[in-house]
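Summary of structural features
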Amino acid sequence: QVQLVESGGGLVQAGGSLRLSCAASGRIFSINAMGWYRQAPGKQRELVAAVTSGGSTNYTDSVKGRFTISRDNAKNAVYLQMNSLKPEDTAVYYCNAQMKITFFHDYRNYWGQGTQVTVSS
């Protein structure tokens with residue numbers, strides 16, 4: 001059974017930093033893109049940052065220059081370093097990965113359980 005397990009959320013003051021981690025486990029043949037999404041109360045889930053298997057990254061405009069996404073392919077892991085946090089970054093953060101379990105399967109999206117990030121002003 002394939003799963004994504006996140007860690008690293010918490011409560012931090014504005015201007016502070018947090019690092020989120022996410023590791024994929026189980027029967028995995030290949031991982032394509034990995035990323036982080038977030039969902040604030042009353043809002044839709046949005047893409048925060050993503051990284052391809054080759055290391056190309058993209059960010060939503062509101063986090064550019066403050067957040068850094070990285071991945072460790074040997075560990076099937078993705079990380080999100082969040083600096084200069086703002087109250088508007090408060091949300092549940094979800095790890096996402098496009099994975100296939102065998103050569104013959106298609107890639108499909110997998111989600112972590114979510115981790116709460118709260119930034120106080």
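Scroll up for the structure.
Values in this document were obtained by computation on a predicted structure and should not be read as measured data.

1. Remarks on the sheet that holds strand β8 (residues 77–82)
- Overall, antiparallel pairing links the 4 strands, which are arranged β1-β3-β8-β7 in an open sheet. Strand pairing shows two members of the sheet lacking a second neighbour, β1 (3–7) and β7 (67–72), which therefore form its edges. For this sheet, the mean angle separating the axes of adjacent strands, direction not counted, is 15°.
- For β7 and β8, the ladder comprises 6 bridges, and the chain directions are antiparallel. Pairing of Thr68 across the sheet is with Gln81, part of β8.

2. Topic: the packing of aromatic side chains
- One pass over the structure, following the stated rule, counts 3 aromatic pairs.
- Ring geometry for Phe29 and Phe103: centres 6.2 Å apart, planes at 80°, overall edge-to-face. Remark: Phe103 occurs in the loop between β9 (91–100) and β10 (108–111) and Phe29 occurs in the loop between β3 (18–25) and β4 (30–39); sequence separation between them is 74 residues.
- Ring geometry for Tyr37 versus Trp111: centroids 4.9 Å apart, planes at 65°, classification edge-to-face. Placement of Tyr37 in strand β4 and of Trp111 in strand β10 is noted, with a sequence separation of 74 residues between them.
- The cationic tip of Arg19 hangs over the ring face of Tyr79; the distance from NZ or CZ to the ring centre is 4.3 Å.

Analysis parameters
Residues numbered from 1 in each chain as written. Predicted model: local features only at pLDDT ≥ 70, side-chain atom pairs only at ≥ 80, totals over all residues. Heavy atoms only, no water. Pairing = 2+ DSSP bridges. Helix = DSSP H or I, 4+ residues; strand = E, 2+ residues; numbered from the N terminus. Axes fitted to C-alpha atoms, helices over the stretch in contact; angles between N-to-C directions. Phe/Tyr/Trp six-rings, centres within 6.5 Å; stacked < 30°, edge-to-face > 60°. Lys NZ or Arg CZ within 6 Å of the ring centre and 35° of its normal.

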